[in-house]
Amino acid sequence: MAVPRSRPLLLPLCALIAGIAVAGSYGYFLPGYSLPLILAVTALTIFPSANKLFLAAVYILLFICGNLVMKPILKPDMESLSLLERYDSRQLLIEGVIQRRPEAKEEGFRLLIRPDHLFYEGEKLFPVGLVMLRAGSGKIRFATGDRIRFVGKLRSPRNFGTPGEFNAERYYALKGIIATSFVKSADSLVIIDSGSKYSFQRYFDNKANKIGNFIMASLPPVEGGILKALLIGDVSDISQELKDSYSRTGVNHILSISGFHVGIIALALFQIWFVLSRLFPSILLYLNLRRLVYAASFPLILYYMFLSGAAPATVRSVLMLGFLAAGLLLEREFDHINSLILAALVLLLMNPENLYDISFQLSFTALWGIMVLTPLFMTPFKALKERRWYGILQLLAVSLAAISATLLPMALYFQQSSLTGLASNLFVVPLLGYGAVIAGISAIPLIEILPQVASLFLNLAGFLAALSNTIIAALDHLPLLPVFIPTEVDILISFGALLFITLAEKDNVKWGGVLTAPILLITLHNLPQARDSFLLRVDFLSVGQGESTLITFSDQKKMLIDGGGALHENGTDVGKRLLLPALRTLGVKRIDYLVLSHPHPDHMQGVTAVAESMAVGEFWESGAAGGEEYNRLKRALSVRNVPVKRVYAGVSPVILSGVSFTFLHPSPADIDSDHGFDLNDDSLVFRLESGGFSALFTGDIGYQEEKKLTAEPGLLKSTLLKVPHHGSRHSVYPEFFRAVSPQFALIGAGYRNSFGLPSSAALKELQSVGSEIYRTDYDGTVTIKILPEGKSPLISARKRHLH
């Protein structure tokens, strides 16, 4: 289908996006000389007779520009990287200026800092680029432009190397952030100079802070937290539980200030001006009302943009309104789709990294879907246009269009989609979007001059927020759609369908595109899949300073041994952030055997996440218990009626899918003794065997337990060893390593962890017995495929750094 002249910027936009994506997604950069070469070709094609060649050259030029402009962004300064490597584990004295409004978290907050002074033991170092600083606790007492000082380590952003994980390296690189740092609390930060820079944005930061305090003083905490998110973009007072409810019911977008909020505020302002014009009709004789509306509203919208923190999504929406206002001032009407294409083109030319901003992708996809699908969905109801409830049908069509367009991207990023999305948007969007936002915005200018009246408006908004929460709580009990992780091909098909519908001129042709896309997706995902031929597959997952192993048997049944987890209560939720995305990316829909070696957080938290989120056939444990997290796990298993199997030394071997499991530790007597309350000593130790391959899993046992196991060395000899306790020096008994004598040794450890794991002693002993060592801190996820007897195992790992 040819691109019609009514969409002149569509192909240029596609060319620019393709160039950015080739660099950002695939890491391929064109040679530098390609730009002057294509400029020369373009210059030769400017004559009228070469019009088509000129357009082709322009498209190629945009492709090259998009590709080359990403190179300095994704390839940071090597001198800065060298400094970070040299001082990676050392405490530095850092002084710098806060670059933008502090970002509150449920625990603590984040600051974006540009350091201008770095010191190590009195030695002054040259400054690095932007640093993202995380404070683990405390209230925000800082604003844009404050100069602060703290002591901390600088770490280069680094991916874990786990399937399906969020690409942190690219995320930070695109934002110009070269390092991250952490302090335990806000008390560790010292303000050197208050408001040394950026006084303009600082004014709005302080204004937003006062508004937030007034909101929280006027409303109950839950409703106040919702209003702070809706009006000033501060989500710190919304509990994670409530955020999850909004996410599961498909309306989490309403809690982040975006183009929707800007559009609602603009619409409200337009209506106010129209009402005022009716009170003074004589002014219509002298002024163009439509121009006046935009001219009077745009400065107020700009003010709100800065008040809400000038987030990229808000800036994009204001830019689109600016295009529309410019069109009216020039007495030209912009086609809505062309306005969207122009806004995307301008934003990507200004900041090509916007392409990888989730809010950019979702907001433009939603707007695109609304523009092209809503009119199509309303075609069967044209005869009802004069009916009173036609507006409700339109609202339903808008919600359906936005959900349809963003369904696959949302499934990719958030790994869940809801049957309740249509219903929740129908109720919650009017309550919060049209109701609470307008009532809350009306209160803001009155806070300082008429605080009692402002409180009345806020209480109305709070009532609507409470009503919305009640509806969300009711809808949250409805089931989620089955988890579906789209591939890049799926996303391309959905965007191709939207493009087809955009370019098609007849409704019946557009409906063909609407119906063909899901049929094609379903067909592709139900085609017979070619399966690897292996006896056993072991995926030793990279989950930071923890351990998790997925075993796939020849009949495709799955066993998950441990699940990783944060060492501290307020740490990263490894189960949600890493383990579940990895399992779903690997195509795992059910865990047939869920195994817990011992109930320590770095092994158990991900197991709890799996028990709460996936189908589980059977749970294995030694019976060693401990802590509230363990109780939460047992509750999740009980609610889902998962059978629990106790395994320990002395029970009969278990045979699954032709693989034999022999349990070596602990004994019932070990479990009954408290071992000084060290649960590591009660770790489940077992050996599996299939044909000529064997593997020994050891949990976090220590020196003494290893010594006991060597009493029967014949039971230990194995092809693969899961090294005890992340390679701790307290888990190195030389006779144990010699008895196992593994060909492959797997160590789970966080990159440059504070414990110094794995220890040099463990590495030395493994090398002395001739083991090939793999460790998740350097190698990421390690996959071993055990082939039919006589063939060597296949091992894949990223091997990014030398040991």
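Residues numbered from 1 in each chain as written. Predicted model: local features only at pLDDT ≥ 70, side-chain atom pairs only at ≥ 80, totals over all residues. Heavy atoms only, no water.

**Overview of the overall build of the chain**
Along its length, the chain carries 27 helices and 23 strands. Within the chain, residue pairs in contact and separated by at least 24 positions form 70% of the contacts whose partners lie at least 6 positions apart. About 37,900 Å² of surface is accessible on the chain, with carbon and sulfur atoms providing 61% of the total. (Helix = DSSP H or I, 4+ residues; strand = E, 2+ residues; numbered from the N terminus. Contact = heavy atoms within 4.5 Å. Areas by Shrake-Rupley, 256 points an atom, 1.4 Å probe, with all protein chains shown as cover.)

**Topic: the packing of helix α7 (residues 199-218) against helix α8 (residues 221-232)**
Axis separation between α7 and α8 bottoms out at 9 Å; the angle between their running directions is 155°. Compared by their axis directions, α7 and α8 come out roughly antiparallel. Pair α7 / α8 crosses with right-handed handedness. Judged by residue contacts, Ala-208, Ile-211, Gly-212, Ile-215 and Met-216 of α7 engage Pro-221, Gly-224, Gly-225, Leu-227, Lys-228, Leu-231 and Ile-232 from α8. Within the contact of α7 with α8, the residues separate by chemical class into eight nonpolar, three polar and one charged. (Axes fitted to C-alpha atoms, helices over the stretch in contact; angles between N-to-C directions. Parallel < 35°, antiparallel > 145°, perpendicular 65-115°, else oblique. Left-handed = near helix turned anticlockwise from the far one by under 90°. Nonpolar A, V, L, I, M, F, W, Y, C, P; charged D, E, K, R; others polar.)

**A closer look at the sheet that holds strand β17 (residues 685-690)**
Ordered in space as β15-β16-β17-β18-β19-β20-β21, the seven strands form an open sheet in which the pairing is mixed. In this open sheet, the two strands that pair with only one neighbour each are β15 (654-656) and β21 (772-775). Taken over all neighbouring pairs, the strand axes of this sheet differ in orientation by 20° on average, direction set aside. Two elements, strand β16 (residues 659-665) and β17, share five bridges in a ladder whose sense is antiparallel. (Pairing = 2+ DSSP bridges.)

**A short note on the side chain of Ser-718**
Along the chain, the position of Ser-718 falls in the loop between α24 (703-709) and β19 (720-722). Residue class for Ser-718 comes out buried when judged on its relative accessible area of 3%. There is a polar contact of 3.3 Å between the side chain of Ser-718 and the side chain of Arg-687. Within the local environment of Ser-718, its side chain forms a polar contact with the backbone oxygen of Leu-716, the two atoms lying 2.8 Å apart. (Buried < 20%, exposed > 50% of the residue type's maximum accessible area, 1.4 Å probe, protein only. Polar contact = N/O pair within 3.5 Å; in protein donor to acceptor, adjacent residues only side chain to side chain.)

**Structural notes on the environment of Leu-62**
With respect to the helices and strands, Leu-62 occurs in helix α3 (residues 51-68). For Leu-62, a relative accessible area of 16% puts it in the buried group. The spatial distance from the C-alpha of Leu-62 to the C-alpha of Ile-17 is 8.7 Å, given a sequence separation of 45 residues. Every residue in contact with Leu-62, bar those within four places of it in the chain, is listed here: Pro-12, Ala-15, Leu-16 and Leu-349.

**Some details on the packing of aromatic side chains**
What describes a pair of aromatic rings is the distance from one ring centre to the other and the angle between the planes of the rings. Taken as a whole and assessed by the stated rule, the structure comprises 23 aromatic pairs. Considering the side-chain rings of Tyr-593 and Trp-620, the 5.8 Å spacing of their centres and the 55° angle between planes classify their relative orientation as tilted. Remark: Trp-620 occurs in strand β13 (residues 615-621) and Tyr-593 occurs in strand β12 (residues 590-595); sequence separation between them is 27 residues. For Tyr-593, a relative accessible area of 12% gives the class buried. Its relative accessible area of 1% is what places Trp-620 among the buried residues. (Phe/Tyr/Trp six-rings, centres within 6.5 Å; stacked < 30°, edge-to-face > 60°.)

**Comments concerning the sheet that holds strand β9 (residues 536-540)**
Here eight strands make up an open sheet; going across it, the order is β14-β13-β12-β11-β10-β9-β22-β23 and the pairing mixed. Either end of the sheet is taken by a strand with one partner, and the two such strands are β14 (644-646) and β23 (794-796). Pairs of neighbouring strands in the sheet enclose a mean axial angle of 20°, with direction left out of account. Pairing of β12 with β13, which is carried by five bridges, proceeds in the parallel orientation. Across the sheet, Ile-591 pairs through a bridge with Val-616, a residue of β13. On the sheet, helix α21 (residues 601-613) packs against β11 (558-561), β12 and β13 and is oriented at approximately 145° with respect to β12.

**Quick word on the side chain of Ser-548**
Along the chain, the position of Ser-548 falls in the loop between β9 and β10 (549-553). Here Ser-548 falls in the buried class, since its relative accessible area comes to 0%. Of note is the side chain of Ser-548, whose polar atom sits 2.8 Å from the backbone oxygen of Asp-562. When sequence neighbours within four positions are dropped, the list of residues in contact with Ser-548 reads Asp-539, Phe-540, Leu-541, Val-543, Leu-560, Ile-561, Asp-562, Gly-563, Gly-564 and Leu-579.

**A word on the nonpolar core**
Ile-226, Leu-231, Tyr-246 and Leu-432 are the most contacted members of the largest nonpolar core, which has 50 residues in total. Put simply, the parts of the chain that give this core at least two residues each are α7, α8, α9 (240-248), α10 (259-279), α11 (289-307), α12 (312-329), α16 (421-443) and α17 (451-475). The greatest single-element share of this core, amounting to eight residues, is contributed by α16. Core analysis: the second largest hydrophobic core is formed by 35 residues, Val-372, Tyr-390, Leu-393 and Leu-498 among them. (Core = buried A, V, L, I, M, F, W, Y, C linked by side-chain atoms within 4.5 Å.)

**A look at unusual backbone geometry**
Of note, the bond from His-665 into Pro-666 is cis; its omega dihedral lies within 30 degrees of zero at 0°. The topology assignment puts Pro-666 in the loop between β16 and α23 (668-672). The omega torsion of the bond from Leu-757 to Pro-758 falls at -5°, within 30 degrees of zero and hence cis. The residue Pro-758 is located in the loop between β20 (744-747) and α26 (760-768) in this model. You will see that Gln-556, though not glycine, has its phi angle at about 75°, which is positive. For Gln-556, the location among the structural elements is in the loop between β10 and β11. Classification of Gln-556 as partly exposed rests on a relative accessible area of 25%. In this model, His-725 sits at a positive phi of 50°, which is unusual for a non-glycine residue.

**Points about the packing of α9 against α17**
Helix-helix packing: each pair is described by the crossing angle between the helix axes and the interaxial distance. Put simply, α9 and α17 touch, their axes get as near as 9 Å, and they point 65° apart. Judged on the interaxial angle alone, α17 and α9 are roughly perpendicular. Where α9 crosses over α17, the handedness of that crossing is left-handed. Contacts from Leu-242, Ser-245 and Tyr-246 in α9 reach Ser-468, Asn-469 and Ile-472 in α17. A class-by-class count of the residues in the contact of α9 with α17 yields three nonpolar, three polar and no charged.

**Brief notes about the environment of Ala-636**
Examined against the element boundaries, Ala-636 turns out to sit in helix α22 (residues 627-639). Sequence separation between Ala-636 and Glu-612 is 24 residues; the distance between their C-alpha atoms is 5.7 Å. Dropping the residues within four chain positions of it, Ala-636 is found in contact with Ala-611 and Glu-612.

**A few points about the pattern of salt bridges**
On inspection of all chains with the given rule, the structure shows 20 salt bridges. Ionic pairing is found between Asp-237 and Lys-228, a salt bridge with its closest N-O pair at 2.7 Å. For Asp-237, a relative accessible area of 29% puts it in the partly exposed group. A salt bridge links Glu-547 to Lys-722, with the shortest nitrogen-to-oxygen separation between them at 2.8 Å. Taken together, the residues span a long stretch of sequence, with Glu-547 in the loop between β9 and β10 and Lys-722 in strand β19 at a distance of 175 residues. Glu-547 gets classed as buried once you look at its relative accessible area, which sits at 3%. Classification of Lys-722 as buried rests on a relative accessible area of 3%. Taken together, the shared-partner salt bridges connect Glu-95, Asp-116, Arg-147 and Arg-149 into one network. (Salt bridge = Lys/Arg side-chain N within 4 Å of Asp/Glu carboxyl O.)

**Digging into helix α20 (residues 574-585)**
An α-helical turn contains 3.6 residues, so a residue and the one three or four places further along point in the same direction. The terminal C-alpha atoms of α20, which comprises 12 residues, lie 15 Å apart, in line with the 16 Å expected from a rise of 1.5 Å per residue. Within α20, nine of the 12 residues are buried, leaving the element largely enclosed by the surrounding structure. The set of residues buried in α20 consists of Val-574, Gly-575, Leu-578, Leu-579, Leu-580, Pro-581, Ala-582, Leu-583 and Arg-584. Here the buried face of α20 lies against β10, β11, β12 and α21. Residue Asp-573 occupies the N-cap position of α20, its side-chain oxygen lying 3.2 Å from the main-chain nitrogen of Gly-575. A positive backbone phi angle near 85° is found at Gly-587, which sits one or two residues after α20. (Expected span 1.5 Å × (residues − 1).)

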